[in-house]
Every structure is written in C-alpha cells, then in structure tokens.
Amino acid sequence: MRERIFQIVQRARPGDKLSHAYDIFIVVIAFLSIVPLMFRPQDGGPGFAYAMNMVDVVTVYILFLDYILRWMTHDIKTGKTGWKEFAKYPFTPLAIIDLLAILPSLGVLPETFKFLRVLRVTKMFRYSKNLTIVANVFRSERNTLLSVLVVAVVYIFVSGLVMFVNEPENFATFFNALYWATTALTTIGYGDLYPVTDLGKLISMVSSLFGVAIIALPAGIITGGFLEQIRQCREDSDAYFRALEHKPWKGRTIGSYGSVRAYAQAHPKVVAYGVTMAACVLLNEVLYFAANAFGTPVWLDTTGTALAAILLEPAAGLLVGFANNLILAVQFGNAGNLLYYCLSAITALVFGTLFARGTRVTARSLGWAALFLVVGESLISAALAFSLAGGALTTGAEQLYGGLLAGWGAPDVLAVFGALLVDKLIDTTAVFILVMGASRLVVGSRIDPAHWFAAPAAHDASTASAPAAPAPLDDAGASAPDTAPAAPASARFVLGIDVGGTHTKVGAFSADGVLIGSRLFDSQRVLADSSHAHLSSEIVPVLEQANVDPAAVVAVGLAVPGTVAAEEALKLCPNIDLDLRSYKAFLRSVFPKARIAVLNDADAAVLGDRWRGTAHDRENESVAFVTLGTGVGAGIIVKGRLFSGVHGAAGEFGHLCVNPDDEALCSCGKPGCLEQYASATGLVRQAREEFVNRALAATSGAANAAASDAASDAAPDPAALSVSIAAAEQAFPDARAVLDAAVRRDPAARTALNRFSDALGFGLAQMACIIDPDLFVLGGGLSERADLYLDAVRSRYRACALSVCRDTPIVASSLGNECGVYGAAFRAFELLDESAANAGDSRCAAPDDPRR
C-alpha cells in the first residue's frame, strides 16, 4: 500500500493517470491557498471573509495531508530502511519549506509571518522538469554562489562599519549603515540615507563600482550552469528525470476490476490497511468522546494511533493520528488543532519502533518511550499552551495538578510544565497498558491484519478453503496470478534451502507462502559418496520447530552457488564442494512425496525479492539483484522474465574483471574478479592486507604509513610478517568484524570498505551497460549493513555509468539475507503449479489465471 501511495504523491510517471491527476490537484490547491492573501478583511462583507477563511482551512488540511503522505513514504524514496531514515524527513529542506508554509494557517506564528504561505507555490518545483533544471543549477553551483555571497556580505559589513564610524551624525545606528551599504552595493540606492563627507562619497563610489562586479558574477555563474544543464539534457533527455518513479505505469486501474469486491479480493493488503486504520480511528474517537463526556482525568485518544503503528507500521499510525486530529479540527472549526498532530506523530513513531510486533519490552525501550512520550510531549504541550492559550491549562486534571504545584510555590512556567508532565505520565501509562493488552489479543488472532497480508490472491467461493500460493513467473516471464496447491494448507508445506559458500539457510513455508520456521547452519561439502548425514541433523529440526511432518512436504526448492545448466548438472561452483545428485538423493530420501526444484542462488535471490522483498510490485520491469556474500552473484529479471543465459551463467557477476593488473587469482582461476573485492571474502582479504602493510610500515619506521601500498625494494622481515599476519587474522576474523571496525573508523577497515564500495560501484556501472535495469537491489549477508557503504557505491556508480544510466536506483533488499530462502520456496511453488497445470487440476490455479 505504501508503495502505491509513494507512486501517487511523487511526480507522475508516464501513463499513470491517477498520479498525474494528483500532481495537478496539489499544484491547484497550492495556488488556491494563497488567494486569501490577495484580499484584506475590509475588502468584502462577512460572507466574503468567511469564504476566504474556509478556503484557507480546507487547503491547509489538504497540504498537511500531502506532507504526511510524503513523510510516510520517505524511506521508499531514498531506498533506505530503518526508523532513523523514517524520522529524518521533517528535517529535509523541502519538508521544512512545506511546514513553514503550513504553520501560518495554524495560528502558531504571529500575523507578520503570514507571508510564509507564499512558499506553497514552491510545490511546482516537484512537478516541473524545467524548474527542476533551475534547482539543479543552484545545487551544482552552490559552492561558487556561496563564495560570492560571503564576499558581498563581508564588503557590506566593512563599508557599513566605516561609514558608521566616519559619519555618526548621518547614520544613527549601525543597522542604518548596513542598510545603506546594501543598497549602495546593489546600485539601487534610494537616497533616504547618504554620506555628506568626501570620504563617505568616495566609499559610496567604490561600493557602487564593486557592486556592479559582484552582482554580475552570480548572473554569469547561473547562466553558465543553466546552459550546461540544457546541453546535458539534449544529450540525453532522460538524464535528470529517469528516477524509478517515472517509469511507465503498467499496473491495473481501479476501474478495471469491475466491482469493489473484486478489487478487495485482488488487494487484501489494501483492505487490511484500510479496515485496521478505520477501526483505530474509530477507537480514538470513541475514547475521546467518552473521556469528554464522563470528565475522566485520563485521555486515551492516542490508543488507536499506537495500536495501528504496532499492528501495521509507523506510517499507518501517522495517518490514523492525522485523521483523529483532523476530525477534532473540523469539530472545533479551527485549523490550529492540527498543531497537536505532532503528539500523535511521536506516539506513532515510538510505539511503531520500540514496541513493534515481535520485539521485547525492555527497561531500555521503556526509558526511551518515557523520554519521548512523557518529557518530549510535555515540552511540546507547554510550548503550545503558552503560544496559543497564554499559558492557561485546559483540562480539569491539568488545572488540578497546576494548582497544587503553584500552591507549593512553583513559578508559573514550572507549574504549567509540571502539570503537563504529570498528566502525560498518567495518560501514557494508561495508553501503554491498553495498547499492549489489545495488541497481544489481536496478534495471532483471526482479526490480525498480518493474516490478510499473507493472502496474495483472490479466491472465489469454490476455492476459499485452499489458500493461494505465491505468484509464479509464467512462460513469458511475467508474473502470473497466484496459484494454490491442491491439498488444504494444513497438510501441505514447502521447503526453501539456500546453500551458500559459508552458511546454509533453510525455511519451511505453509501452503499460503508464510514462513513458519527457519534455521541457519554452516555449509559443508556434499560429495558423490552420499556423505550427507550432517544435512539431516540440520534440516529436520526446522520441521520439528514448525511441527511439520516430512511426509507433508510436497516441494523443495534448492538454491546452489553455481551455474545450473540442468537440474542434474552443476558447474562453476568455486566456493563449496557440492555434488548436486547426492544432495537431491538426500532430499528424496527425507521427503519422499516432494518435488525438487534446483536453481542458482542468485536467481533464487531475485525471485525471492520479487516475491516478498523490495521489487515485489515490479512485475514487468527489469531488476538486477546482486548477492553480496562469500562470493558475488547476480539474478536478473528482464521485463518480468528471469534471464539465466544459454549456459546458466548470465548472473555470474562476481567474475566480471574489474582489475586486470591484480596478480591474485580468484576462486574461478582468473585474476581481478569483482568477487575479490566486493564479497565478504574479498572485504576480509583487503582489510587484512591493509592491516599487514600498515603494521610493517610502522615497524620499519616508514615516514608515511599511508604509502604502505607501494612495493618495497627490500623484502619484509619474515618474523615481523608472520606476527602481522596473525594479528590481522585476529583483528578481522570475518566480514562482520571488518564492518564493526569500520564503524569505529579503524583505518585498515575503512580502506578495505572504500575499495569494496569502489569496486562494487564500478561493477554495477559495467552491468548497467549490458542490461540497463530499472533497479539494482543488493542482497546477501553484507546487505544487512548496506548503510555503511551504499552512499559510496551510488557515488562511484554515478561517476562510472553512462549518463542515461546514472540515475538508476541502487537499494538494499528489505529481506536482507533471506532472499535466497524465499526464492527457493517460490521456485518450488512454481513447480507445483506447473505439475498441477499438466495434470489439469483446476484447484491449483486462481479463477482468473490467463493460462487456463
């Protein structure tokens, strides 16, 4: 749901009529909102003044809703995940401008700041390509323009100070001197202030001449930058506007479903969101009116907001809080009530982050919650009380607490803040108890919205008892409608196995595609002599954990780190000794009723991400999924179709040569492969080498340790070399240790991570020249720490990629290192679907399956 909201509120992509209509609507609202500024209260009668006030109130509601929608989809736009990225949006430049434009209508700013509403027209910059070019000019030339501004300000200060000292009778204050200096420098002097002494006139002449040069500089800089932008746009008309959200929209329109029921069946997650948020809004209103009617000292009207943040996500809580405050604002007829939305936003962020489903309540989380929900909200409420109500407390409970504190001799300010602090503490405690109790009752029950999320397809009455399987790729490669195994979900399970060079991950899935058990264990070689007893001891516990009978497993997906030319032929598997026939023989012995599907691990990763991860809604687009683990691989989907090549080697991205001068050999037998730099193994190797070089340089007394990369004429001392190597291995036992050291700014780890980022960015640029995808997705174990290197990779990619490709988004998969398990299970579901289609079993296909 959030992905579609993101597509709508961002600039419209070609063919997306709904998003285009939203763009026009917001621009019209922005201009309509400044119409009341064109009239004064005395220009018309009471009716006209009321109409202008309603225009202001309605438009500010709409603009504030746009602000909330952009906030809740900010992490999708940046491609980063986590609460920090989510909470960063209010501090971005455009968000600050939007907020400043909204605040004058809420009554929080003095009347003199009403002119800030004019900032609303800056929304045009989001939707106009030509205005985007202008913004790019200022962005690219900001350093030069800032230098010119500094020179001008310094000159104004100096000349104004000289004039203030030289002619005190004509310039009563220093501000008057600065005013004169500014008008003189810009050569637009008004004549209201002017020097009379010869020295003053000389300074005025110099200032005017200097001003001509200063004013001319920015004009030339801006003109030159604008011409450069136009030239680049002529070379490639998409260079500045090829962001992901501007690709042609190929999804179905709402009207194409024919009925609300059909749309709801096809989009259960949207229905789950809508119903859950509506219920939470209703809960808020019921609790608010109950507290108001009975005069209780506890206000629980943020309970629904917190519950939505826990059951869904913080973004849903933001919408629920907005709806609640909007209803109150309409009830009281004052847009100023929306100011209290910040309290609801804090509630949504805190509960959605600290107490989300699956997280434990700890003393630390309770402490952070108390800091934000009690102390933070009390400070905000106190500020609003003094700015809007002159410091008066509104509720009876607050007045009681304030009166007690004032009676004890507390100053007025402290009495107000203390009363609000006590009131928030009581309210927050009551809300917390109510929310946690309600969430425990809902999670796992029939009304848990998570059950709706797991139902990826529509079912009619005849198939309602058979949950849908994940959407497989059809023969043309496009995503087909969801299908379901023939047997009931309670009796059928699918296993996904992702064999990596270091670890193997196993996941058990129910028939409706829900992960019900998983396990991670060290990968071991599987030889042709059937020596695979250790596999049974590692895989069987997954079934026991999920309470699954091996006989109920109907399909197994096996993802292996090598080129799979055919299911019985595994080639180019350098990181682990694996005999595919032996592995399949073991699986058949444990799961006698299961069908087995084998695929490359990178192909599995891209399928898993397309099924449940970042690219799940990009059915007809091209996606390159790069796995960063023990090795480097890539899964490629071209226009919705999995592409493996003639020999199954299309995704062997890790063996792309990025440094032909490297003497070290890759595991494939060739030198300079990307895998030697951008994998976990390569990252550890580079960190150790850098550690050893620095240690040897320090030992030998080298003047500059940074020059340790250069070859030395003298061979290092063997004893010192051995000690350095041992110390490097101890310092960096694995990739996780390197990344942790990089966070601590260890020089060897930082150097290794920089080389890792450079190599990966360069490799992605070469990959873009071949397949030119809509999106690069990074997965594998290293993707879980992508925040440490993703910006550097993007920068390197843009520097090396063709201009037409340089804006291709590079993001980390939301599934992290779990993509392979999901993709292996996805392929197993596909195999079941193919078998059912061949057998003519109509229960295994959705009613609207075009293949029938």
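For the protein, the name recorded in an unreviewed UniProt entry is Ion transport domain-containing protein, with Eggerthella sinensis as its organism. According to its UniProt record, the protein has this under Sequence similarities (unreviewed entry): "Belongs to the ROK (NagC/XylR) family." Word for word, the UniProt comment on the protein under Subcellular location (unreviewed entry) is "Membrane".

A. Region of interest: the overall build of the protein. When helices and strands are tallied, the protein shows 30 helices and 12 strands. A buried classification covers 47% of the 852 residues belonging to the protein. A separation threshold of at least 6 residues defines the contact pool for the protein, and within that pool the share at least 24 residues apart is 65%. About 40100 Å² of surface is accessible on the protein, with carbon and sulfur atoms providing 62% of the total.

B. Summary view of the nonpolar core. Ranked by internal contacts, the top residues of the largest apolar core, which has 50 residues, are I68, W71, L318, Y341 and F351. No other element matches helix α3 (residues 46-72), which puts 10 residues into this core. Judged by nonpolar contacts, the second largest core, of 44 residues, contains A687, V738, Y789 and V793.

C. Inspection of helix α25 (residues 680-699) at higher detail. In a regular helix each residue adds 1.5 Å, so 20 residues correspond to 28 Å; α25 covers 28 Å between its end C-alpha atoms and thus fits that length. By the burial criterion, the buried members of α25 are A680, G682, L683, V684, Q686, A687, E690, V692, L696 and A697. Tucked into the core, α25 has its buried residues touching α24 (675-678), α26 (718-731), α27 (735-743) and α28 (747-771).

D. Geometry of the sheet that holds strand β8 (residues 623-628). If you walk across this open sheet you meet the 5 strands as β10-β9-β8-β11-β12, and the pairing is mixed. The open sheet is flanked by β10 (641-643) and β12 (810-812), the only strands paired with a single partner. The sheet shows a mean angle of 25° between the axes of neighbouring strands, taken without regard to direction. In the sheet, strand β9 (residues 632-638) pairs with β10 via 3 bridges, with the strands oriented antiparallel. For I636, the partnering residue across the bridge sits in β10 and is F643. Of the strands in this sheet, β8, β9, β10 and β11 (775-779) are in contact with helix α23 (residues 601-612), which crosses β9 at around 55°. Running over the sheet, helix α29 (residues 790-800) touches β11 and β12 and is turned about 160° from β12.

E. Structural context of the side chain of S33. Tracing the chain through its elements places S33 in the loop between α2 (17-32) and α3. Setting aside chain neighbours within four positions, we find S33 in contact with T59, L63, R117 and R120.

F. Local environment of unusual backbone geometry. In this structure, R745 is a non-glycine residue whose phi angle is positive, near 65°. Relative to the assigned elements, R745 resides in the loop between α27 and α28. On the basis of relative accessibility, which here comes to 61%, the residue R745 falls in the exposed class. Look at D772: it is not a glycine, yet its phi comes out positive at around 45°. Secondary-structure assignment places D772 in the loop between α28 and β11.

G. View of the pairing of strand β7 (residues 595-600). The buried fraction of β7 is high, at 5 of 6 residues. When strand β4 (residues 553-560) meets β7, the two strands line up parallel, connected through 6 bridges. Among the inter-strand pairings, V560 is bridged to a residue of β7, identified as N600.

H. Representation of the packing of aromatic side chains. One pass over the structure, following the stated rule, counts 17 aromatic pairs. Summarising the aromatic geometry, the rings of F157 and F174 are spaced 5.7 Å apart at their centres and angled 80° between planes, so their arrangement reads as edge-to-face. Residue F157 is found in helix α9 (residues 142-166), and its partner F174 is found in helix α10 (residues 174-185); the two are separated by 17 residues along the sequence. Residue classification places F174 among the partly exposed residues on the basis of a relative accessible area of 25%. Clustering of aromatic rings is evident, with ring pairs tying together F509, W611, Y822, F826 and F829. Lying across the ring of Y677, R685 places its NZ or CZ 5.7 Å from the centre.

I. Just the confidence of the model for the protein, in detail. Taken residue by residue, the protein gives an average pLDDT of 74. The fraction at 70 or more is 75%. At the low end of the mean pLDDT range in the protein sits strand β6 (residues 569-571), at 53; at the high end sits α28, at 89. Low confidence marks residues 455-490, where pLDDT is under 50. Its contacts with residues over four positions away, or in another chain, come to 99 contacts. Long-range and interchain partners of residues 702-713, a stretch whose pLDDT sits below 50, account for 9 contacts in this model, where long-range means more than four residues apart.

J. Local environment of the sheet that holds strand β3 (residues 515-522). Read from one edge of the open sheet, 5 strands run β3-β2-β1-β4-β7, paired in mixed fashion. A strand with exactly one partner marks an edge of an open sheet, and here the two such strands are β3 and β7. Averaged over all adjacent pairs, the angle separating strand axes in this sheet is 15°, with direction ignored. Where strand β1 (residues 493-499) and β4 come together, 6 bridges link them in parallel fashion. By the bridge assignment for β4, D498 is matched with A559. Those strands touched by α23 are β1, β2 (503-510), β4 and β7, and its axis lies near 105° from that of β7.

K. The pairing of β8, seen in detail. Of all 6 residues making up β8, 6 are buried, and the element is well covered by its neighbours. Burial along β8 is two-sided: the residues V623, F625 and T627 and A624, V626 and L628 are all buried. Of the pairings in the sheet, the one linking β8 to β9 comprises 6 bridges and is antiparallel in character. Note that in β9 the partner of L628 across the bridge is V632. Hairpin connection from β8 to β9: 3 residues lie between these consecutive antiparallel strands.

L. How the structure looks around the state of the cysteines. This structure, assessed with the given rule, holds 0 disulfides. C805 carries a free sulfur, and the closest cysteine sulfur to it, the one in C769, is 6.1 Å from it.

M. A look at the packing of α3 against helix α6 (residues 93-102). Relative orientation of the contacting elements α3 and α6 amounts to 160°, with a least axis distance of 10 Å. Between α3 and α6, the angle falls in the class roughly antiparallel. The crossing of α3 and α6 is left-handed. Here α3 contributes V60, L63, F64 and Y67 to the contact with α6, which in turn contributes A95, D98, L99 and I102. Grouping the amino acids of the contact of α3 with α6 by side-chain chemistry returns 7 nonpolar, no polar and 1 charged.

N. Layout of α10. When the terminal C-alpha atoms of α10 are compared, their 16 Å separation across 12 residues agrees well with the 16 Å that a helix rising 1.5 Å per residue should span. Along α10, the residues classified as buried are A177, W180, A181, T183, A184 and L185.

O. Fine view of the packing of α27 against α28. It is the contact of α27 with α28, at a shortest axis distance of 8 Å, that shows an interaxial angle of 110°. On the basis of the axis angle, α27 is roughly perpendicular to α28. Of the residues in α28, those in contact with V738, L739, A741 and A742 of α27 are A749, R750 and L753. For the contact of α27 with α28, the residue count by class is 6 nonpolar, no polar and 1 charged.

Conventions and cut-offs
- Residues numbered from 1 in each chain as written.
- Predicted model: local features only at pLDDT ≥ 70, side-chain atom pairs only at ≥ 80, totals over all residues.
- Heavy atoms only, no water.
- UniProt positions renumbered as here; feature names shortened; annotations may be inferred.
- Helix = DSSP H or I, 4+ residues; strand = E, 2+ residues; numbered from the N terminus.
- Buried < 20%, exposed > 50% of the residue type's maximum accessible area, 1.4 Å probe, protein only.
- Contact = heavy atoms within 4.5 Å.
- Areas by Shrake-Rupley, 256 points an atom, 1.4 Å probe, with all protein chains shown as cover.
- Core = buried A, V, L, I, M, F, W, Y, C linked by side-chain atoms within 4.5 Å.
- Expected span 1.5 Å × (residues − 1).
- Pairing = 2+ DSSP bridges.
- Axes fitted to C-alpha atoms, helices over the stretch in contact; angles between N-to-C directions.
- Phe/Tyr/Trp six-rings, centres within 6.5 Å; stacked < 30°, edge-to-face > 60°.
- Lys NZ or Arg CZ within 6 Å of the ring centre and 35° of its normal.
- pLDDT = per-residue confidence, 0-100.
- Disulfide = S-S within 2.5 Å.
- Parallel < 35°, antiparallel > 145°, perpendicular 65-115°, else oblique.
- Left-handed = near helix turned anticlockwise from the far one by under 90°.
- Nonpolar A, V, L, I, M, F, W, Y, C, P; charged D, E, K, R; others polar.

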